Amino acid sequence: MTFAKRLVLGTLLVLFFTILVLVWAAERTLRRDLEADLATTLEREARLVREALPAEPTAWPAAVRRLARENAIRITLVDGTGRVRADSDRRASAAVPDSLRAEADVAAALSGARGVYVHRTPPGPPELRVAVPGGPGAVRVSGTLQQVDDTVRRAQGAVAGAAVLALLVGSVLAFLAARSITRPITALVSASRAIAAGSLPRFPRSGLPDIDRLVQALRQMHRELADRFEDLRRERAESAALVESMLEGVIAADGRGRIITANSAARRLLGYPMGVPLPDLPELFRVKAARAVVDAVLAGHVVHDREIELDGTVLLVNARPLSPGGALLVLHDLTELRRLEAVRRDFVANVSHELKTPLTSISGYAETLLADRPDPETGRRFLEIIMGNARRMQRLVDDLLDLSRIEGGRWHPEPEPVDVAAAAQEVWSGLAARRGRGAAAAAADGQVGFALELAPDAAAVHADPDGLRQVLTNLLDNSLRYTPAGGRIVCRTAREGGGVALSVADTGQGIGSDHLPRIFERFYRADASRSRDEGGTGLGLAIVKHIVEAHGGHVRAESERGRGTTVYCWFPDP
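Here's what I pulled together on the structure shown here. (Residues numbered from 1 in each chain as written. Predicted model: local features only at pLDDT ≥ 70, side-chain atom pairs only at ≥ 80, totals over all residues. Heavy atoms only, no water.)

### Some points on the pattern of salt bridges
Thought 1: A complete count under the given rule lists 23 salt bridges for this structure.
Thought 2: Residues E43 and R114 are paired through a salt bridge, measuring 2.7 Å at the closest nitrogen-oxygen approach. Residue E43 is located in helix 1 (residues 3-52), and its partner R114 is located in the loop between helix 4 (104-110) and strand 3 (115-119); the two are separated by 71 residues in the primary sequence.
Thought 3: For R114, a relative accessible area of 38% gives the class partly exposed.
Thought 4: E103 is the partner of R140 in a salt bridge, and the nearest nitrogen-oxygen pair spans 2.6 Å. Linking R140 in strand 5 (residues 137-144) with E103 in the loop between helix 3 (90-93) and helix 4, this pair joins segments that are 37 residues apart in sequence.
Thought 5: E103 gets classed as partly exposed once you look at its relative accessible area, which sits at 22%.
Thought 6: By sharing partners, the salt bridges in this structure join E103, D105, E127, R129 and R140 into a single network. (Salt bridge = Lys/Arg side-chain N within 4 Å of Asp/Glu carboxyl O. Helix = DSSP H or I, 4+ residues; strand = E, 2+ residues; numbered from the N terminus. Buried < 20%, exposed > 50% of the residue type's maximum accessible area, 1.4 Å probe, protein only.)

### So, unusual backbone geometry
Thought 1: Omega for the bond connecting S323 with P324 falls within 30 degrees of zero, at 5 degrees, which places this linkage in the cis form.
Thought 2: Its location among the elements puts P324 in the loop between strand 9 (313-321) and strand 10 (327-333).
Thought 3: Phi angles above zero are rare outside glycine, and A72 is one such case at about 55 degrees.
Thought 4: Note on A72: relative accessible area 70%, which makes it exposed.
Thought 5: Look at D305: it is not a glycine, yet its phi comes out positive at around 45 degrees.

### Some points on helix 15 (residues 540-550)
Thought 1: Among all positions of helix 15, only G540, L541, A542, I543, V544, I547 and V548 are buried.
Thought 2: Just past helix 15, the residue G552 takes up positive phi, approximately 90 degrees.

### Overview of a nonpolar patch on the surface
Thought 1: The grouping of L165, V169, V172, L173, F175 and L176 at the surface amounts to a nonpolar patch, some 580 Å² of accessible area in total.
Thought 2: By the element assignment, L173 lies in helix 5 (residues 146-197).
Thought 3: L173 sits in the exposed class, given a relative accessible area of 53%. (Patch = residues over 30% accessible without salt bridge, like charges linked within 9 Å, V, L, I, M, F, W, Y side chains within 5 Å. Areas by Shrake-Rupley, 256 points an atom, 1.4 Å probe, with all protein chains shown as cover.)

### A short note on the sheet that holds strand 4 (residues 127-134)
Thought 1: One open sheet holds the five strands; their spatial order is 2-1-5-4-3, and the pairing between them is antiparallel. The open sheet is flanked by strand 2 (84-87) and strand 3, the only strands paired with a single partner. Mean inter-strand twist for the sheet, computed between neighbouring axes without regard to direction, equals 20 degrees.
Thought 2: Bridge count between strand 1 (residues 74-79) and strand 2: three bridges; the pairing is antiparallel. Bridge pairing in strand 2 places T76 opposite D87. (Pairing = 2+ DSSP bridges. Axes fitted to C-alpha atoms, helices over the stretch in contact; angles between N-to-C directions.)

These values are about where atoms sit, not about what they do.
Set out below in structure tokens:
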């Protein structure tokens, strides 16, 4: 609703309620005064009737009728017990109760005071009854209030007409006043919108001192804003160029979390192309650690060097709240740096650890051969130990090369149907042919049983032949290392989810639940000391995992301490 309409409507409401209150007060006051005048008149007439009553009671009815007729009133005589002794209205007297002592006006008169009572009993007109002591006990005079009602009604009509006229005049005056005030205000609104739009405003001349002062203030504000906007545009252009040229991602948000600045580096790190609108800052990140940083900075806390991982990208986040509200986030990409550090650290630590034992053994036995010149049998045994450790080092280097080739994408499987039974028997025979210590010896001597349980519909696997043999070699070799004499190893296949699940189960010592999630990591061993004694490199299951995943499959393991281990490899159908 416009200001003019509000002003006119407010004026009319004030006038309406003022007139309503005046009419109500005037009606109450006029009615009260007229009823008081009528009561005084009736009291005076009642006293005159009391003085004019004859001494003989038998003459009272005739005297009462005569006086009532002469004065156009109703007269009732009541004795001390409240019984009616005479009434000017004979028709009404028949309906008069035996005793009027309970009525207020009669009771007051019988007690020696004046009694006044307004009697309203439809359908007859209301009456004003006044009783005074005298006569047989009390003299009551009744007069109709019809004249009072007519007088009040005429007065109300006159006041209502004046009220309507006042409302009409007030409406016209309020409209003229509102128009004279709102016209310059409307012009000021147009000028303000022009300032907001950056165009030249037109300021009005109203002739009203208060509005003229407002116009002068608005004109001065326009000049100052124009100067400040020019400075801000220049500074903003400089800041935007600086932020856009930064290698770090920069994100600025207002107090409501809406992003107001995001350079191209930030969009690249978060995966939002140029032109795509960014969500609000609390919804920008899907990672819990990143959301914690956002919540902290929006709560007014400074965040220093918080490292988070976002969709494989490692970011170093620094965040600072802005005044009076909002936040600034700076994102540093540490992905490549962390990857190189992890690769270097893991490679140096693991390779050094794996090479230390065989090198120490080779060095020790070689020094013994050079220094002590043992007998031929002992010398041959020492040379065999040296050869075994050299072969262990060779296997470690070969596994490292294979893993590097697979992880680097330089090996691509060429799947074809491969007979699982033939491949498994070939691998088992190869392990048994490696006569010597530990697992191979146990396989060669028949101390560990081997069985095939192949489903008829899963006798062949669609896989790279060499890759499948390498998977079986690593799985069977691991099972042999951890399965004691008298144990059993079973190779099974089964149809599962549009592919073939190949599993190798043993009855060995099993793997604890705390180690099981990590057995497919490079160089991770659940029992490091024993696997080194058996000559393991710690890379077998990592190679298995990468070969199977290169085929589009997946691996998993189930194990329990003392109950053996089962490794599942799922290969999809072509």
